[in-house]
Amino acid sequence: MKMFGIGISHVRLALGLMLGLYIALAGPVSAIDIGPETQVAGVVAPELGSQDTPAVAAWPGGYLAVYQDKRSVTDVDVCGVFIDANGNPIGESFVISTVTGGTGATNDQLAPSVAFNGTNFLVVWADNRGGVAGNQFYQIYGARVSTSGTVLDPNGLVISNVAGLRQYSPEVASNGTDWEVVWQRDTSITLDIYGAKVSAAGVASGVVGISTSSGNDESPAIVWNGSYYMVVFQKSGEADYDVYGVIVTSSGAIYKPAFLLSTDPAIDPNNPSMMTGAQISPRVAAGPGGMCMVVWQDSRNTDTATDVYGVRVSATGQLYDVENLPIYVASGSQETPSVGWDGTNYLVAWRDRAVLPAKLYGTRVDRDGFVLDSPFITLSTTAPDRASGSCAASLGGKTLVLWAVSVSSVLDVYSCMVTSDASVSAERIVSVGGTDQPTYQAAFDGTNFVVVWTDRRAAKSAVYAARVTPFGEVLTPGGVLISSSTSEQKEPAICWNGTMFLVTWTEGTTSDSDIKGVRMNSDLSMIDSTPLIIGVGDWAQYASSIAGNSTGFMVIWTDTKQASMANQTDIMGARVNAATGEVTRISTTAFGVTVEGVCNETHDQYYPSVASDGSNWLVVWQDMRGTTADVYFARLNSTGSVVGTVNGAKVSTATGAKMSPSVAFDGTRYMIAWADYRNDTTKADIYGVRMTTTGARVDASDIAICSVAGSDQSSPSIKWAGDRYFVAWQDARNGAYQIYAARVSAAGSVTDSGGFFVSSGGSGEIKPKLAAGGTNWVLALYGKWVYPVNKLYMRTMGDQLALPLVSVAETRTSPNGRLITLSGKVVTAGTTQLSGRLYVEDGDRTAGICVPTAVSAGETAIVNVTGILATVGGERQITNAVVTVSPNTGTVPAPFGLVLSSLGGGTMSSAITGVIDGGGLNNLGLLVRVCGKVISTGSGYFMMQDGSTSSDVKVACPAGVTLPTVGKTVGVTGISSCEAATGGYARKLLARKPADIVTFN
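About the cut-offs
- Residues numbered from 1 in each chain as written.
- Predicted model: local features only at pLDDT ≥ 70, side-chain atom pairs only at ≥ 80, totals over all residues.
- Heavy atoms only, no water.
- Buried < 20%, exposed > 50% of the residue type's maximum accessible area, 1.4 Å probe, protein only.
- Helix = DSSP H or I, 4+ residues; strand = E, 2+ residues; numbered from the N terminus.
- Pairing = 2+ DSSP bridges.
- Core = buried A, V, L, I, M, F, W, Y, C linked by side-chain atoms within 4.5 Å.
- Axes fitted to C-alpha atoms, helices over the stretch in contact; angles between N-to-C directions.
- pLDDT = per-residue confidence, 0-100.
- Contact = heavy atoms within 4.5 Å.
- Salt bridge = Lys/Arg side-chain N within 4 Å of Asp/Glu carboxyl O.

### Details of the pairing of strand E39 (residues 462-468)
Phase 1: Most of E39 is tucked away: 6 of the 7 residues are buried.
Phase 2: Pairing geometry for strand E38 (residues 449-455) and E39, over 7 bridges, is antiparallel. Its bridge partner being in E39, Asp-455 is matched across the sheet by Ala-462.
Phase 3: Joining the antiparallel neighbours E38 and E39 is a turn of 6 residues.

This is the structure:
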């Protein structure tokens, strides 16, 4: 449901209160409706920064993968992403190691592990939030995550927090109800393995030593085998490391203390001893009957390389393979193995470094310990990084394997799916997240909005565009790329001049950038095959603003061309000819010398905004020539020459700093809005003033648009929307920034004292940008901080809420101009039959209605329609419609039988008109069936009568329908319609297909 329009009704009031979207304002003013929040482009891409050290858990809906994530520039967080049963990421990643508000915890959170208990996941990690960055005194934290991705413990669960001790490498498993967490603790003398139980409610208890004997016990792994937890770890012996196991009960007690797994039975098979060489990095998976497979990295064959070995262990700790299983023995090193059980076989995966770059290989091992794939299965030819090994989890006969890959010094988490018959899917990146979309603007072409924004989907930012309906429906999901430049692009601006759009952006580096642009059609096709060079020079040109008229566009920007002169920034501009794309730089004259630009006065000028009165232009900016920031303006004539005061004049003489101006034109005057510090030197209010086209102030005193004491209101955006201004800003009155707005009349009267909510999310919304879409309704864009990126969201706002209606009959009786939504209706005549329109009706055959649309929808399709009610050519229609077609189909109701005199029906209201001499139920738009004699034919139609009316009825036939012979009696099925005639509207029937016409004689 989207916002639009005019007026207020009791129906809308009740609906708005029910939906929580209706905004009541103080005083006798019209209400404002705010549309639902919509993300403009919820695209995902490989996350920025590095992601590695993955872990994964299966659940009936697929998998949850977790990993350590360096997308933040300051520290490492634990993030997760859901993956479906086929190995495809679902949506985008989310931060798990958070604090309240969704921001990542301070310092590093490392080495995550995850397990599912049948209801929720528990994710655990090593956490340094309580320490100093780099001091390595990590503690064990965790958080439960629901299957919908909600972090149920937003501040984390403290599982083990011992001051001064380093605790890390946590692993977790579940018995189906609770979880058992194990980890490595550094006592400064030895390394030990500890464990703790975490209840389903998220309560940690019973920290116990799992293995605390002499020597170092490290790198634990854990699995639930159906009866007990099997904990495995590497333990330092007399010369090297060996792999040990401990069996732990469901309550966390030790059932069987540490026993040797990496054995050497050569001396005494009944009493095997420790194997020579080092056995490290053990992993474990539970298989049939509670039997576990333990695998590890093994150097028993040589000190210079490692192989993959394993052992099968019963649920109670009996070794089935005292000689151990040589899973993969070859030249070079095989490292950091992982293991999963797919219901038929174990899958063992490892990183192979026999030849560089390394590869990820694997093999299946059956329940009897036989290696099934010789020499191996290739899982990935992309070089796995040395920073972390692989992990695996199985579901439905398939095993998902994850690992980290380094490309250009940046790590990503990859995955592949392996079936029980050794079929391997293509590898894919799963560490995907929402993209950063920090700058944006929109414009309206009379039919739809076009939104442009900066989007970092790859290593660089690029500018994208998307079409959005007046009701806030995105027509081009994901948007289209504006320019394929390899340079960084940001700060897009857009303007519609009545014929075309001009899109501009900043391209280049922070210290050396230019203003470029393209002319663009409403369908987002580019008029310019290569970008126009609009602002170019030494240093940086940035922060462009555009206004347009019938002849072209005026582009204004901040320019550091003269930065070598006391670090000065100026306001520059250029005209762009709409017809040719020719760029003409503008100039100003100072002290008899003509120089380029709008203002080149000493000191800095920033943040320009420009508007047009149809011929001339008004430019405003933030100016630092005084003791505090002020807002200045300059007028440009139709040729782009500066007129009036050279280098601009102050907009307001009030005390206090004034920043970030925005300007709009109402058809007679301009209005300028800005952030104003006159009442508080640290917190701004929103003020404004109206100005004539000759640069004279209309208001003796500045207009206080919003001045809520003690809070900051800043970054205003202003647009004229038919008969009033809308002003929006970011507002900190409730803590984190939220978006507020107010309406201001052409006479300068503020309708909404204190403003009203546009968006009030808790994570912070900033920098609104408005686009006017018609009389008293606008599109509001804003950034929402979803750690650690800004995402672009939008809402429509205006005087009317899109009313969801249940039936076509209810729709037909609603007033013209009403914005409605109609859902789940069956198409009785499709656009494939009647070009440019379709008809829908209720299943009870009481009413039908026309929907003009270019969307392809055939008869029996089920559609949702949002649009504005109107009476066009005598028929009720849903105009300006957004039509979405369901993948399902429905049954077309049987036609309603009528005599010709009943066709069309009588007038029911000023909106529902009848036909000439019509009476009874108005049936225009309904699927009907009539009978009569053909009396004449014409091009694409024939006339018929049945004696019930003195006038003949036209039957319009689509192409491909053979007209019946004159004199024949026919039965016709079609849509009851009408056409203009002398004295009103004449009856008309719209046949849809050849089968609609049946000849009886």
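### Some words on the nonpolar core
Phase 1: If you look at the biggest cluster of nonpolar residues, it comprises 19 residues, and the most contacted ones within it are Val-40, Phe-449, Val-451, Trp-453, Leu-779, Leu-781 and Leu-792.
Phase 2: Secondary-structure elements contributing two or more residues to this core are strand E37 (440-444), E38, E39, strand E65 (777-786) and strand E66 (789-798).
Phase 3: Top element by residues in this core is E39. It accounts for 4 residues.

### Notes on the sheet that holds strand E29 (residues 346-352)
Paired through backbone hydrogen bonds, the strands of a sheet run either parallel or antiparallel to each other.
Phase 1: In spatial order, the strands read E28-E29-E30-E31; together these 4 strands make up an open sheet with antiparallel pairing. Whereas interior strands pair on both sides, the edge strands pair on one side only; in this sheet they are strand E28 (334-341) and strand E31 (377-380). Averaged over all pairs of adjacent strands, the angle between their axes in this sheet comes to 30 degrees, without regard to strand direction.
Phase 2: Relative to E31, strand E30 (residues 359-365) runs antiparallel, the two being bridged by 3 bridges. Note that in E31 the partner of Tyr-361 across the bridge is Thr-378.

### Here we look at the pairing of E30
Phase 1: The buried count for E30 comes to 6 of 7 residues, which makes it a mostly enclosed element.
Phase 2: Of the strand pairs in this sheet, E29 and E30 are connected by 7 bridges, and their pairing is antiparallel. Residue pairing across strands places Arg-351 opposite Leu-360, the latter belonging to E30.
Phase 3: Between the antiparallel neighbours E29 and E30 lie 6 residues.

### Digging into the sheet that holds strand E57 (residues 670-676)
Phase 1: Pairing is antiparallel in the open sheet, where 4 strands are placed in the order E56-E57-E58-E59. Among the strands making up the open sheet, the edge pair consists of strand E56 (658-665) and strand E59 (703-706). In this sheet, neighbouring strand axes are inclined to one another by 30 degrees on average, regardless of whether the strands run parallel or antiparallel.
Phase 2: In the sheet, E57 pairs with strand E58 (residues 685-691) via 7 bridges, with the strands oriented antiparallel. Looking across to E58, one finds that Ile-672 is bridged to Val-689.

### Re the confidence of the model for the chain
Predicted coordinates in areas of low pLDDT are best not read in detail.
Phase 1: Taken as a whole, the chain shows an average pLDDT of 90; of its residues, 94% reach a score of 70 or greater.
Phase 2: Counting contacts from residues 1-29, a segment whose pLDDT is below 50, to residues more than four positions away or on other chains yields 80 contacts.

### Structural notes on the pattern of salt bridges
Any two side chains of opposite charge can pair, so long as their charged atoms come close to each other.
Phase 1: Throughout the structure, instances matching the rule amount to 37 salt bridges.
Phase 2: Glu-859 serves as the salt-bridge partner of Lys-993, at 3.1 Å between the closest nitrogen and oxygen. On the criterion of sequence distance, the pair formed by Lys-993 in the loop between strand E79 (984-991) and strand E80 (997-999) and Glu-859 in the loop between strand E71 (848-852) and strand E72 (861-872) is long-range, its members being 134 residues apart.
Phase 3: Among the residues examined, Lys-993 registers a relative accessible area of 27% and is labelled partly exposed.

### Quick word on unusual backbone geometry
Phase 1: Of note, the amide linkage connecting Ser-374 to Pro-375 takes the cis form, showing an omega dihedral of 5 degrees.
Phase 2: Summarising the element assignment, Pro-375 is placed in the loop between E30 and E31.
Phase 3: Looking along the chain, the bond that leaves Tyr-787 and enters Pro-788 is cis, with omega of 0 degrees.
Phase 4: Along the chain, Pro-788 turns up in the loop between E65 and E66.
Phase 5: Non-glycine residue Asn-324 carries a positive phi angle of around 65 degrees.
Phase 6: Accessibility expressed as a relative area gives 5% for Asn-324, which makes it buried.

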